[in-house]
Amino acid sequence: MPRIDPDTFSRTGKAADCLAMAKIMRQTLREKLGAVASTRQKGRRTMRWQDLRPKNAEAAEPTRRSIVQIAALFGAAAAAPGLSGCVVDGLATGTVVGGSSEQSALDVSPVLLVATTRKAVGGGLKSPYFGSERGRGLSFAEVRMSAPDRSLIGKVSSVVGGDWGIRSIQQVETGANAASAFSQSAFGRDVLIYVHGYRESFESAAVSAAMLSDGIRFRGASGLFTWPSAAATLDYGYDRESALWSRDAFEDLLKALAASPSGGRINIVAHSMGTLLTLETLRMLRAEAGEAAMGRIGAVVLAAPDIDIDLFTNGVERLGPDVHKITVISSTNDRALEISGVLAGGTRAGAADRDRLEALGVRVADASDYGGGLINHDLFLSNPEVQAVVKRAISRGGA
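Residue indices follow the written sequence of each chain, beginning from 1 at its first position. Given that this is a predicted model, residues contribute local features only at a pLDDT of at least 70 and side-chain atom pairs are listed and counted only at 80 or more, while totals for whole chains, interfaces and linings are drawn from all residues. As a rule here, side-chain values cover all heavy atoms of the structure and leave hydrogens and water aside.

- Looking up the protein chain in an unreviewed UniProt entry gives the name Alpha/beta hydrolase, with the organism given as Methylobacterium gnaphalii.

1. Some details on the overall build of the protein chain
In step 1: Along the backbone of the protein chain there are 15 helices and 11 strands.
In step 2: To sort residues, take the accessible area from a 1.4 Å probe on protein chains only and compare it with the maximum for the residue type: under 20% means buried, over 50% means exposed, and anything in between is partly exposed. When burial is assessed residue by residue, the protein chain has 55% of its 399 residues classed as buried.
In step 3: Only the protein chains shown count as cover for residues, and all accessible areas are computed by the Shrake-Rupley method using a 1.4 Å probe. In the form shown here, the protein chain has an accessible surface area of approximately 16,800 Å², with 51% of it arising from carbon and sulfur atoms. Secondary structure counts use DSSP, requiring at least four H or I residues in a row for a helix and at least two E residues in a row for a strand, with both numbered from the N terminus.

2. Observations concerning the nonpolar core
In step 1: What makes a nonpolar core is a set of buried Ala, Val, Leu, Ile, Met, Phe, Trp, Tyr and Cys residues whose side-chain atoms join them at distances within 4.5 Å. With 55 residues, the main nonpolar core has Ile193, Phe225 and Phe312 as its most contacted residues.
In step 2: Throughout, a residue-residue contact means that at least one pair of heavy atoms, one from each residue, lies within 4.5 Å. Non-local contacts of Phe225, meaning those with residues more than four positions away in its chain, are made with Ala115, Thr117, Leu138, Ile193, Tyr194, Val195, His196, Ser246, Ala249, Phe250, Leu253 and Leu277.
In step 3: Residues Ala209, Ala210, Phe380 and Ala393 belong to the second largest nonpolar core, which totals 40 residues.

3. So, the pattern of salt bridges
Close approach of charged atoms allows side chains of opposite charge to pair.
In step 1: A side-chain nitrogen of Lys or Arg and a carboxyl oxygen of Asp or Glu constitute a salt bridge if their distance falls within 4 Å. This structure, assessed with the given rule, holds 12 salt bridges.
In step 2: The closest approach of N and O atoms between Glu288 and Lys255, which form a salt bridge, is 3.4 Å. You can see Glu288 sitting in helix α10 (residues 274-294) and its partner Lys255 sitting in helix α9 (residues 247-259), a full 33 residues away along the chain.
In step 3: Taking the shortest distance from any N to any O, the salt bridge between Arg348 and Asp306 comes out at 2.8 Å. Of this pair, Arg348 sits in the loop between α12 (335-344) and α13 (354-358) while Asp306 is found in the loop between β9 (297-303) and α11 (309-318), placing the two residues 42 residues apart along the sequence. Asp306 matches Arg348 in its accessibility class, with the two residues each being buried.
In step 4: What you see here is one network of salt bridges that share partners, running through Glu102, Arg219 and Lys391.

4. Some points on the sheet that holds strand β7 (residues 221-226)
In step 1: Judged by pairing direction, the sheet is mixed, and its nine strands sit side by side in the order β5-β4-β3-β7-β6-β8-β9-β10-β11 without closing on themselves. Looking at strand neighbours, the two that pair on one side only are β5 (165-174) and β11 (363-366), the edges of this open sheet. Averaged over all neighbouring strand pairs, the angle between strand axes comes to 20 degrees, with direction disregarded.
In step 2: Two elements, strand β3 (residues 111-120) and strand β4 (residues 130-146), share eight bridges in a ladder whose sense is antiparallel. Directly across from Thr116, in β4, lies its bridge partner Ser139.
In step 3: Each of β3, β4, β5, β6 (191-195), β7 and β8 (266-271) touches helix α7 (residues 202-215); the most contacted strand, β7, lies at about 150 degrees to it. Any two strands with at least two DSSP bridges between them are considered paired. Axes here refer to lines fitted to C-alpha atoms; in helices the fit is confined to the stretch in contact. Angles between the N-to-C directions go from 0 to 180 degrees.

5. Considering the packing of aromatic side chains
In step 1: In summary, the pairing rule links any two rings of Phe, Tyr or Trp, Trp by its six-membered ring, whose centres are within 6.5 Å, and it sorts them by plane angle into stacked for under 30 degrees, edge-to-face for over 60 and tilted for everything else. Per the stated rule, a full pass over the model turns up six aromatic pairs.
In step 2: Where Phe140 meets Phe182, the ring centres are 5.7 Å apart and the plane angle is 70 degrees; that geometry is what we call edge-to-face. You can see Phe140 sitting in strand β4 and its partner Phe182 sitting in helix α6 (residues 178-185), a full 42 residues away along the chain. Each member of the pair, Phe140 together with Phe182, is buried.
In step 3: Ring geometry for Tyr194 against Phe380: centres 6.1 Å apart, planes inclined by 40 degrees, an arrangement best described as tilted. With Tyr194 in strand β6 and Phe380 in helix α14 (residues 379-382), the pair connects residues that are 186 residues apart, well separated along the chain.
In step 4: A relative accessible area of 3% places Phe380 in the buried class.
In step 5: Taken together, the ring pairs in this structure connect Tyr129, Phe130 and Phe202 into an aromatic cluster.
In step 6: In this structure, Arg134 packs its charged tip against the face of Trp245, placed 5.9 Å from the ring centre. Either the NZ atom of lysine or the CZ atom of arginine qualifies as a charge over a ring when it sits within 6 Å of the ring centre and within 35 degrees of the ring normal.

6. Looking at the packing of α9 against α10
In step 1: Across the interface, α9 lies against α10 with an axial gap of 9 Å and an inter-helix angle of 40 degrees. When the axes of α9 and α10 are compared, the pair comes out oblique. As for the relative orientation of α9 and α10, their crossing is right-handed in sense. Each of Arg247, Asp248, Phe250, Glu251, Leu254, Lys255 and Ala258 in α9 lies in contact with α10, whose residues at this interface are Leu277, Thr278, Glu280, Thr281, Leu282, Met284, Leu285, Glu288, Ala289 and Ala293.
In step 2: Charged means Asp, Glu, Lys or Arg here, nonpolar means Ala, Val, Leu, Ile, Met, Phe, Trp, Tyr, Cys or Pro, and polar covers whatever is left, Gly included. Of the residues that constitute the contact of α9 with α10, the class distribution is nine nonpolar, two polar and six charged. Should an angle fall under 35 degrees it is taken as roughly parallel, and over 145 as roughly antiparallel, whereas 65 to 115 is taken as roughly perpendicular and any remaining angle as oblique. By convention, the crossing between two helices is left-handed when the near helix turns anticlockwise from the far helix through less than a right angle, and right-handed when the turn is clockwise.

7. A few points about α11
In step 1: Three or more residues of α11 are buried, namely Ile309, Phe312, Thr313, Gly315 and Val316.
In step 2: Contacts from the buried residues of α11 go to α10, β9, β10 (326-330) and α13.
In step 3: Any N or O atom pair separated by 3.5 Å or less is treated as a polar contact, with the protein-specific requirement of one donor-capable and one acceptor-capable atom, and with residues adjacent in sequence counted only for side-chain atom pairs. Its side-chain oxygen placed 2.9 Å from the backbone nitrogen of Asp310, Asp308 serves as the N-cap of α11.
In step 4: Backbone geometry just after α11 places Gly320 at a positive phi near 55 degrees.

8. Section: α10
In step 1: With 21 residues, α10 should cover 30 Å at 1.5 Å per step; its first-to-last C-alpha distance of 19 Å lies more than 12% under that length.
In step 2: Taking the largest bend as the criterion, α10 deviates by roughly 95 degrees, centred on Glu288. One less than the number of residues in a helix, times 1.5 Å, gives the span that helix is expected to have. Two axes define the bend at a residue: one fitted to the seven residues ending there, one fitted to the seven starting there, and the bend is the angle between them.

9. Some details on the side chain of Ser168
In step 1: As for its position among the elements, Ser168 is in strand β5.
In step 2: Here Gln170 takes part through its side chain, which lies 3.2 Å from a polar atom of the side chain of Ser168.
In step 3: For Ser168, the residues in contact, after removing those within four places along its chain, are Glu142, Val143 and Arg144.

If you want it as structure tokens, here you go:
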């Protein structure tokens, strides 16, 4: 049985029957999808390491007949008696926790609040909006996203072509007022801030933020903090320095949100190299703004943290009692972290032994058994069971 957040799952009685049925459906879908499942680019993210892309990926493109077969399987799953109601204490068989009828706030109003330290391209109003160069201070933008097609055909086609996208940016605020502008836009709501990892463009980071928020059916304000990644495989060093360079700006954003009288919680989900930026910023926030600011921080989810385990240990220890807010999603078969370990040296926290992580006081969700792809680095964006861990951490509110 996969070891993933021990208080999340229960597999007894009717639940076991549901899971067995779901397993059969997943296996059938997997056989029909074939190589598509391992090469799909959901939200332009799953296969980021282009040099590791299977050579026969083009041959995996589905035919019209295979798409019809897949659609039929989805319909059968929905119609099967009892299967559609198989939701067990945080584990949803085939759907994200909460049921398919529950909408995220982003789906209702597709506006993503973005804070960035990237330099704007052409004023930030036209694609690519913000590039890989470092800007002057923090910028804020309200990004209007295009939501995915929720029809059956749309869901099937998203397997191949992705779903969320950027529709437009109407206004960009740069300078001293950027952090407060973000806070005012989120006023009165809980906020979920996604901090991306290595090798991300502005657009791919925005798509991932939307996928995350919509995937866990978040009901508050959806946000993104994006730093100047070069979005290139060989620029690991530049990305790491850019992430660390962005600490002050990220702290300014968190301070502005914490000082807001609205009372909303600040939840953070950071991925890969973004976890280094997040952990270092939280250390600074606690040291400079104290427990009052940290009290507004809800859940902190560190997905596949690309941090040296010794550096991670030091950072966590500096957080004191706030360490209980942290949930680490780890995986021992994360190929991207293996490569990072070669590039940067040392064991990465996201691939460290579970017992070693738990000894630090953080919650650990071991997602090793849920990765069936080549990379297994962003399961929190695509795997319902791993998404359930994120949702549960946020529902706990950091408790």
